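Descriptive analysis of the structure
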Amino acid sequence: MTTDSGHFRPYHEAVAGRPPRPTLLRALAAFDAEDRVGFAVDLGAGEGRDAIVLLQRGWSVLAIDSDTTALARLRTRSDLPEGARLVTLEASFVDAAWPAADLVNSSFALPLCPPDRFPALWARIGESLRPGGRFAGQLYGERDSWAGRPGLTVHTRGAARALFAGWTIEMFEEEETDAVTPRGEAKHWHIFHVVARR
Ligand SMILES: C[S@@+](CC[C@H](N)C(=O)[O-])C[C@H]1O[C@@H](n2cnc3c(N)ncnc32)[C@H](O)[C@@H]1O
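The paragraphs below set out a description of the structure included in this document. Every chain's residues receive numbers from 1 upward, in the order its sequence appears when written. This being a predicted model, a pLDDT of at least 70 is required before a residue's local features are given, and a value of 80 or more before pairs of side-chain atoms are given or counted; all residues contribute to the totals for chains, interfaces and linings. Excluding hydrogens and water, the side-chain figures rest on all heavy atoms present in the structure.

1. Points about the site of the ligand
The cut-off we apply is this: One heavy atom within 4 Å of a molecule or strand makes the whole residue count as near it. Within 3.5 Å is the distance limit for a polar contact, defined as a pair of N or O atoms, with the added protein rule that one can donate a hydrogen and the other accept it, and that residues adjacent in sequence qualify only through two side-chain atoms. Calculation of accessible area relied on Shrake-Rupley with a 1.4 Å probe; when residues are assessed, cover is drawn exclusively from the protein chains displayed. Of the two site types, the cavity is a set of points on a 1 Å grid over the protein atoms alone where a 1.4 Å probe fits but cannot get out, and the pocket is an open set with protein on both sides within 12 Å along at least five of seven lines, each lined by residues with an atom within 4 Å of a point. Whether a molecule lies in a cavity or pocket depends on its atoms, and more than half of them have to be within 2 Å of the grid points.
Surveying the vicinity of the ligand reveals 20 residues, the closest of which are Tyr 11, His 12, Gly 44, Asp 65 and Phe 93. At a separation of 2.6 Å, an oxygen atom of the ligand approaches a polar side-chain atom of Asp 65. Ser 92 is positioned with one of its side-chain polar atoms (N or O) 3.1 Å from a nitrogen atom of the ligand. The fraction of the free accessible surface of the ligand (590 Å²) that becomes covered by protein chains is 97%. Among the cavities detected, the one that contains the ligand is the largest pocket.

So, in structure tokens, the structure goes:
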């Protein structure tokens, strides 16, 4: 799985303007219930379908993506609120560092990490969360069509849940569907949608 800048450009064009992910909305509802607004890191933010909602709700956001065009799209979105506290970083989240955060969000991006690098990335995510901070995002299961592609990490259900040992899992939904990707590719999806509190 390449992470070359440009590889995801057709994807970004296909999903432009789509609504935020349910995982992000679930995490935001939990923060709302705690009257907590803070700092979020969005790993693989793309053109910002999740980041934009965070910004509109007053969060500060560090959006990390390896695709410069996607980040430019985010910075120039017409629905960006005035005074939005947005910083973009063109980098691979596999290597990037980020400050302590209330939320690490990564929608449909975290599996795009080579398996041998995933444990360190996951440790960095956990260590970066402030007390009561949350992770929201997706992991791919071992029956996903893309399992076995170079550079892609998949998890069994047990291994996915084990990542959250010691956390409070607030959402853990397993999805298996045959569908077409935003780029028009037929695919068997095996996904874990997760929200968890550290
Ligand atoms: C499937 S898209 C998801 C985008 C967005 N989060 C969403 O939910 O629509 C994956 C995103 O991760 C980015 N990406 C892939 N590998 C990356 C890496 N190693 N570091 C940073 N961004 C990466 C791609 O450029 C793309 O924007």
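2. A look at the pattern of salt bridges
The criterion, for reference: When a carboxyl oxygen of Asp or Glu lies within 4 Å of a side-chain nitrogen of Lys or Arg, that pair is called a salt bridge. Under the scheme used here, helices are H or I runs from DSSP no shorter than 4 residues and strands are E runs no shorter than 2 residues, and both carry numbers assigned from the N terminus. The cut-offs for exposure are 20% and 50% of the maximum accessible area for each residue type, with area from a 1.4 Å probe on protein chains only; residues under the lower value are buried, those over the upper are exposed, and the others partly exposed.
On inspection of all chains with the given rule, the structure shows 15 salt bridges. In this structure, the salt-bridge partner of Arg 134 is Glu 34, at a minimum N-O distance of 2.9 Å. Taken as a pair, Arg 134 in strand 5 (residues 129–141) and Glu 34 in the loop between helix 2 (22–33) and strand 1 (39–43) lie far apart in primary sequence, 100 residues in all. Arg 77 is the salt-bridge partner of Glu 47, the closest N and O atoms lying 3.2 Å from each other. In this pair, Glu 47 sits in the loop between strand 1 and helix 3 (51–56) while Arg 77 sits in the loop between helix 4 (68–75) and strand 3 (86–90), placing the two residues 30 residues apart along the sequence. Judged by its relative accessible area of 7%, Glu 47 falls in the buried class. Look at the salt bridges and you will find they share partners, linking Glu 142, Arg 143, Arg 157, Glu 174 and Glu 176 into a network.

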